[in-house]
Amino acid sequence: MLSSADSGLLTQVGPGTPMGEMMRRYWAPTLLSEEMPDPGSPPVRVTLMGERLVAFRNHNGEIGVLQEFCAHRRASLYFGRNEGEKSPDGSVGLRCSYHGWKYDINGKCLDMPNEPSTSRFKEHIKLTSYPARELGGIVWVYMGSADAEPELPQLEWALLPESHRFVSKRRQKSSYAQAMEGGLDSSHVSFLHSDAPLWSPWWTHQNHGGRKHLSTGAPKFYIEPTDYGLLMGARRETQDGEYYWRITQWLMPWYTIVPRDEEEPIAAHAWVPIDDESCWAWSISYVPERPLHKYESDYYRGGGHIHAEMLPGSFDPVQTPDNDYLVSRPLQKAGVSMSGIAGIAMQDVAMQESMGPIVDREQENLGSADAGIIAARKRLLAEARALADSQIPPAGLDARSHRVRSTTAVLPKETSWVEATHKARQASQHLYDDYQVSTDVGTNS
């Protein structure tokens, strides 16, 4: 159980809130690069941590992320025109369609055609703007203090060649915490996702290396704090008297990496707040050792595995609360599916959104299976308070700490799971060697 005050601290992410200010210290995955495919392409709306913004790629290929509303009469710049050097004033920037005020990628006002040509008024106008960088097919935005800007994340999937990964995002109508906690909850896998082989050809959770688990429904949890978040071990017994471990990585403040069985694609998530009651749920499937096969990327694109089918032209799933997530009661009644809901991702979404946008955590009754959720909540609250009270920077800002994976293992009972899986939890070092070289010569932005 979490008190109402602590639940509020956990879920309130707007400007000036302790959690919101802490989260602004991190680079936030915000847009797919393909949402702004070309220099001069139309602007894109985005809401991030309660702030309404507009992003645009100018005619020089640079990205600007500005407050959405023009400084003049507060019209939305989403309806603005992205202009190049051939514009009437010869500058590159985003022009408001209402009265023509124009801004560069840093929010500086470049032109005021409805003011006298001798006026210096524009020199005093600047919109709030945030730094934006591209990496891994994603536009990342930093909303914190300029003097505390960290390096871009060095998550393994973000540094891989494009051919090795598939990235999707969707809008979820629940707080980021609610969504992320689902990713930290290993015990629900044996129930809610008991039909997962229907939705994922790579699902091997129930039978690792040919050895079926005995205690599939009630794993024992072990939590190890790290300098970037938490390492979570869920232990189940096998038929031959060993332990099967599913080891999840949680990286501050919103990343999870799903345990990987053998050579299957790795799954990862980021749960980034849109506002207090909704979030962007990013899903990543990747294989460090090889490019994805076409049948794999096609499967993900169609909403398979951890991804979801979207309504055309949007980031909203086809399955919604309004259509009860297309639940099939016959499938459920027949025992083929626990929930009757198609898809691993949407099964999670249905449960998480069914709690309401912000669950009443005072009404929960948490048990031993919720150890990971409890630990993550405590860590987030402690880090937010430390920053608010003493200006102590939060954990996980060192980009080198992102060089990790999750894993699974079958180990003898007397073996230390942390020590035995250390090497398997390390990302590909050559990626970081190549990244460092490209950064040193200035080819990686």
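How each quantity is defined
- Residues numbered from 1 in each chain as written.
- Predicted model: local features only at pLDDT ≥ 70, side-chain atom pairs only at ≥ 80, totals over all residues.
- Heavy atoms only, no water.
- Pairing = 2+ DSSP bridges.
- Helix = DSSP H or I, 4+ residues; strand = E, 2+ residues; numbered from the N terminus.
- Core = buried A, V, L, I, M, F, W, Y, C linked by side-chain atoms within 4.5 Å.
- Buried < 20%, exposed > 50% of the residue type's maximum accessible area, 1.4 Å probe, protein only.
- Salt bridge = Lys/Arg side-chain N within 4 Å of Asp/Glu carboxyl O.
- pLDDT = per-residue confidence, 0-100.
- Contact = heavy atoms within 4.5 Å.
- Expected span 1.5 Å × (residues − 1).
- Phe/Tyr/Trp six-rings, centres within 6.5 Å; stacked < 30°, edge-to-face > 60°.
- Axes fitted to C-alpha atoms, helices over the stretch in contact; angles between N-to-C directions.
- Parallel < 35°, antiparallel > 145°, perpendicular 65-115°, else oblique.
- Nonpolar A, V, L, I, M, F, W, Y, C, P; charged D, E, K, R; others polar.
- Polar contact = N/O pair within 3.5 Å; in protein donor to acceptor, adjacent residues only side chain to side chain.

1. Structural notes on the pairing of strand β10 (residues 132-135)
So, step 1. Where β10 meets strand β11 (residues 138-142), four bridges bridge the pair, whose relative direction is antiparallel. The partner of Ala-132 across the bridge, within β11, is Val-141.
So, step 2. Hairpin connection, β10 to β11: the antiparallel pair is bridged by two residues, and Gly-136 has positive phi, about 65 degrees.

2. Details of the sheet that holds strand β4 (residues 63-67)
So, step 1. Pairing in this open sheet of four strands is antiparallel, and the strands run β2-β3-β4-β9 from one edge to the other. The open sheet has two free edges, formed respectively by β2 (44-48) and β9 (129-130), since each of these has just one partner strand.

3. Quick word on the nonpolar core
So, step 1. Ranked by internal contacts, the top residues of the largest apolar core, which has 76 residues, are Met-19, Trp-140, Tyr-176 and Trp-254.
So, step 2. In terms of residue count, the dominant contributor to this core is helix α8 (residues 371-390) (seven residues).
So, step 3. With 14 residues, the next largest nonpolar core counts Phe-56, Leu-77, Cys-96 and Ile-125 among its residues.

4. A short note on the pattern of salt bridges
So, step 1. A complete count under the given rule lists 27 salt bridges for this structure.
So, step 2. Across the salt bridge formed by Glu-83 and Lys-102, the nearest N and O atoms sit 3.0 Å from each other. Note that Glu-83 is positioned in strand β5 (residues 81-83) and Lys-102 in strand β7 (residues 102-103), a separation of 19 residues in sequence. With respect to class, Glu-83 is no different from Lys-102; both count as buried.
So, step 3. Salt bridges sharing partners connect three or more residues here, namely Arg-81, Glu-83, Asp-89, Arg-95, Lys-102 and Asp-111.

5. Quick word on the confidence of the model for the protein chain
So, step 1. Residues with a pLDDT of 70 or more make up 94% of the protein chain, whose mean pLDDT is 91.
So, step 2. Scored below 50 in pLDDT, residues 206-211 makes 17 contacts in the model with residues more than four places away or belonging to other chains.
So, step 3. Confidence over residues 441-445 falls short of pLDDT 50; this stretch has eight contacts with residues more than four positions distant or in other chains.

6. Here's the deal with α8
Owing to its 3.6 residues per turn, the α-helix brings residues three or four apart onto one side.
So, step 1. Helix length check: α8 (20 residues) gives 28 Å between terminal C-alpha atoms against 28 Å at 1.5 Å per residue, within 8%.
So, step 2. All of the buried residues in α8 are Gly-372, Ile-373, Ala-375, Ala-376, Arg-377, Arg-379, Leu-380, Leu-381, Glu-383, Ala-384 and Leu-387.
So, step 3. For α8, the secondary structure elements touched by its buried residues are α1 (4-11), α2 (18-23), α4 (176-183), β15 (220-225), β16 (229-237) and β17 (243-251).
So, step 4. Trailing α8 by a residue or two, Gln-391 shows a phi angle of about 55 degrees, which is positive.

7. A word on unusual backbone geometry
So, step 1. Cis geometry is found at the peptide bond from Met-252 to Pro-253, where omega equals -10 degrees.
So, step 2. In this fold, Pro-253 is placed in the loop between β17 and β18 (255-257).
So, step 3. Residue Asp-324 is not a glycine yet carries a positive backbone phi of 55 degrees.
So, step 4. Of note, Asp-324 is situated in the loop between α5 (294-301) and α6 (329-333).

8. Some points on the packing of aromatic side chains
So, step 1. In total, this model carries 11 aromatic pairs according to the counting rule given.
So, step 2. Ring geometry for Trp-27 versus Tyr-142: centroids 5.6 Å apart, planes at 45 degrees, classification tilted. With a gap of 115 residues between them, Trp-27 in strand β1 (residues 27-32) and Tyr-142 in strand β11 connect regions that are remote in the sequence. Neither Trp-27 nor Tyr-142 differs from the other in exposure class; each is buried.
So, step 3. Geometrically, the ring pair formed by Trp-101 and Phe-121 is edge-to-face, given 5.7 Å between the ring centres and 90 degrees between the ring planes. Taken together, the positions of Trp-101 in the loop between β6 (93-95) and β7 and Phe-121 in the loop between β8 (109-111) and β9 put the pair 20 residues apart, joining distant regions of the chain.

9. Quick word on the packing of α1 against α8
So, step 1. For the pair α1 and α8, interaxial distance at closest approach is 10 Å and the crossing angle is 75 degrees. Put simply, α1 runs roughly perpendicular to α8. Two secondary-structure elements touch here, α1 through Asp-6, Leu-9 and Leu-10 and α8 through Arg-377, Leu-380, Leu-381 and Arg-385.
So, step 2. Its residues assigned to classes, the contact of α1 with α8 shows four nonpolar, no polar and three charged.

10. Considerations on the sheet that holds β8
So, step 1. Taken together, four strands build an open sheet; the order of strands is β5-β6-β7-β8 and the sheet is antiparallel. The open sheet has two edge strands, β5 and β8, and neither has a second partner.
So, step 2. One ladder, built from three bridges, connects β5 with β6; its direction is antiparallel. Residue Asn-82 lies in a different strand from β6, and its bridge partner there is Leu-94.

11. Some points on the environment of Ser-3
So, step 1. With respect to the helices and strands, the residue Ser-3 is situated in the segment before α1.
So, step 2. With a relative accessible area of 31%, Ser-3 lands in the partly exposed category.
So, step 3. Considered as a pair, Ser-3 and Lys-333 are 330 residues apart in the sequence and their alpha carbons are 38 Å apart.
So, step 4. Polar contacts involving the side chain of Ser-3 include one to the main-chain amide nitrogen of Asp-6, which spans 3.1 Å.

12. Comments concerning the environment of Tyr-255
So, step 1. Among the structural elements, Tyr-255 can be located in strand β18.
So, step 2. Residue classification places Tyr-255 among the buried residues on the basis of a relative accessible area of 4%.
So, step 3. Sequence-distant contacts of Tyr-255, that is, excluding residues within four places in its chain, are made with Trp-27, Pro-29, Trp-140, Pro-153, Leu-155, Gln-249, Trp-250, His-269 and Ala-270.
So, step 4. At 3.4 Å, the side chain of Tyr-255 forms a polar contact with the side chain of Trp-254.

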